[in-house]
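One-letter residues, chain by chain:
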Amino acid sequence: MKYDLIDNKLFIKNRKNFMAQMKPNSLAVFNSNDIYPISADSTLPFAQHRDIFYLSGVDQEESILVLFPDCPKAKHREILFLKETNEHIAVWEGEKLTKEKAFETSGVKTVYWLQDMEKVMFELMTQCDTVYINTNEHYRANVETETREDRFTKWIRDRYPAHSVAKSNPILQRLRSVKDPLEIDLMQKACNITEKAFRRVLSFVKPGVWEYEIEAEMMHEFLRNRSKGFAYTPIIASGNNANVLHYIENNQQCKDGDLILFDTAAEYANYSSDLSRTIPVSGRYNDRQKAVYNAVNRVKNEATKMLVPGTLWEQYHIEVGKLMTSELLGLGLLDKADVQNENPDWPAYKKYFMHGTSHHIGLDTHDYGLLHEPMQANMVFTVEPGIYIPDEGFGIRLEDDVVIQEDGEPFNLMRNIPIEVEEIEELMNS
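Residues numbered from 1 in each chain as written. Predicted model: local features only at pLDDT ≥ 70, side-chain atom pairs only at ≥ 80, totals over all residues. Heavy atoms only, no water.

Caption draft 1: Representation of helix 4 (residues 99-106) in the model. Looking at helix 4, one finds that the buried residues are Ala102, Thr105 and Ser106. Seen end-on, helix 4 carries its buried residues on one side only, within an arc spanning 75 degrees. Turning to helix 4, the residues buried within the fold contact helix 1 (9-19), helix 2 (50-56), strand 5 (78-82) and strand 6 (110-113). Phi for Gly107, located one or two positions after helix 4, is positive at around 80 degrees. (Buried < 20%, exposed > 50% of the residue type's maximum accessible area, 1.4 Å probe, protein only. Helix = DSSP H or I, 4+ residues; strand = E, 2+ residues; numbered from the N terminus. Arc of directions from axis to C-beta. Contact = heavy atoms within 4.5 Å.)

Caption draft 2: Summary view of a negative patch on the surface. A contiguous patch of negative charge, built from Glu420, Glu422, Glu423 and Glu426, is present on the exposed surface. In this structure, Glu426 sits in helix 13 (residues 421-428). Residue class for Glu426 comes out exposed when judged on its relative accessible area of 58%. (Patch = residues over 30% accessible without salt bridge, like charges linked within 9 Å, V, L, I, M, F, W, Y side chains within 5 Å. Areas by Shrake-Rupley, 256 points an atom, 1.4 Å probe, with all protein chains shown as cover. Salt bridge = Lys/Arg side-chain N within 4 Å of Asp/Glu carboxyl O. Lys, Arg positive; Asp, Glu negative; His and termini not counted. Charge placed at Lys NZ, Arg CZ, Asp CG, Glu CD.)

Caption draft 3: Examining the packing of aromatic side chains more closely. All told, the structure shown has 13 aromatic pairs when counted by the stated rule. Geometrically, the ring pair formed by Tyr349 and Phe353 is tilted, given 6.1 Å between the ring centres and 40 degrees between the ring planes. Assessed through its relative accessible area of 10%, Tyr349 is described here as buried. Taken together, the aromatic side chains of Phe18, Phe30 and Tyr132 make up a single cluster linked through ring pairs. A cation over a ring is seen here: Arg176 above Tyr368, with NZ or CZ 3.9 Å from the ring centre. The ring of Trp346 has Lys350 sitting right over it, with the charged end atom 5.5 Å from the ring centre. (Phe/Tyr/Trp six-rings, centres within 6.5 Å; stacked < 30°, edge-to-face > 60°. Lys NZ or Arg CZ within 6 Å of the ring centre and 35° of its normal.)

Caption draft 4: How the structure looks around the side chain of Thr278. On the secondary structure map, Thr278 appears in strand 13 (residues 276-280). At 3.0 Å, the side chain of Thr278 forms a polar contact with the backbone oxygen of Arg397. Look past the residues within four positions of Thr278 in its chain and what remains in contact with it is Leu259, Ile260, Leu261, Tyr285, Tyr293, Gly395, Ile396, Arg397 and Leu398. (Polar contact = N/O pair within 3.5 Å; in protein donor to acceptor, adjacent residues only side chain to side chain.)

Written out as C-alpha cells, the structure reads:
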C-alpha cells in the first residue's frame, strides 16, 4: 500500500461497535475480495472489500475476519485468517502480512493461516447459534459476478444448515455512514490530493489539449501524493460531452470557447473524495456560461446549508428542486407555464437537472447509508447540482464533499479547492 499505516484504534473501535449490535451467541464473518481475472494470466489490480477493511484495516487478498463476542475462548472472540507468506511469495509478489504485522495493522491478537480456517470454524460453529453473513444491500448495487463473500455464504450454509442466519449489512449501513474523526482525516487527505491535481490542470488546460492528457496530469499528481489513483472512473467532458452524465471516454480535443466538466477525484487509503468543477478551455467564461455557472453555484451553496442533523433525504431533494426551478426560471430555460403544468413525478426542472443532489461518501464513493433515516452529525455527503443544456453545447456541475455538524452548516472538506468564477479565471490566466 502507498498510504501511511492507519492508527489501529479506528478498527478496534469499529469492531467493538459492530459486535455491540450482534445477537447473543452469534458469529460474523467477513471476506476479502477476489483478484478478478481478465484473460490468460492477467488480472485486475486488487481492491479490498470495504467491510473487512473497515473492521480490520487488512488490505490483502484471501483474508477472513471472524467476530464472535460471546465465544467461550477469549482468544477466539476476534480472529483473522490470512494467506501464509513464504520465501517464494516474497520473491514473486512481495511479502504478505505476518502475524505480527497483522496485529499492528488491525489490533486483532489471534491470527491463523488460512489453511486452518475450516478446522477452527468447526470449533466455533459448535459454540454459536447464529451466523451473520455479509450480503451487498446497497441501494445502487447491481452485482452480476459471484464474489468470494457469496461463495463463502454458500459453503457455510451448506456445511452448517441448522444454524440461524442474520445479516451484517443493516448494522454496517448505520455504522459506516457515521464517520469517526480518523476517517474524516483520511477523507480530508483524499480531498487535499484532489485539490493539488485540480490546481495542476488549471495551469495546464488550453485550447487544443485532449481530455486524456488532462486525465494523465491528474493521475500524475495523485500517484506522487501516495494515492492509488482515481476514486472512481474519471469524467473529463468537454463541450457537449458534459451532457452525457457518465461520459468516461475522455478522448476528445478541448476547443476554444468550450467548457470542460470534471468529475474526478482521488482516493487515499481506500477512502474516496468526489469533486466536480467546470472550467473554460480558453481561461474565460462567456456571459451565458458565467450566468449558468453562478446559478449552479448558488443552488450548491443553499443546498449545503440544508444538510443538518434530522434532515430527511426525500424532503431535502424536494427543497433543492425548488431552488433549481427558481434558477432555471431566471435563466429563461423554464417559464411559469412549464412549472404550472409539470408532472409531479418528474418536475419541470428535471429537464436540465436530472440526477440527485447528494449521496453518502466514505470508503465507497456512493457509500453506505440508509436513505429513509434522518441525517446525523459526522455523516459525509456530496453536494452536486448541475444544469445541462445540449442545445447550447455545454453542461455545468459543481460538487463538494461536506461533513454534517452537530450545529450550524456542514464543514466543507473541499473548501480550499477553487470554485468561484473569478478565482478560476485568475488561476488559469496567471
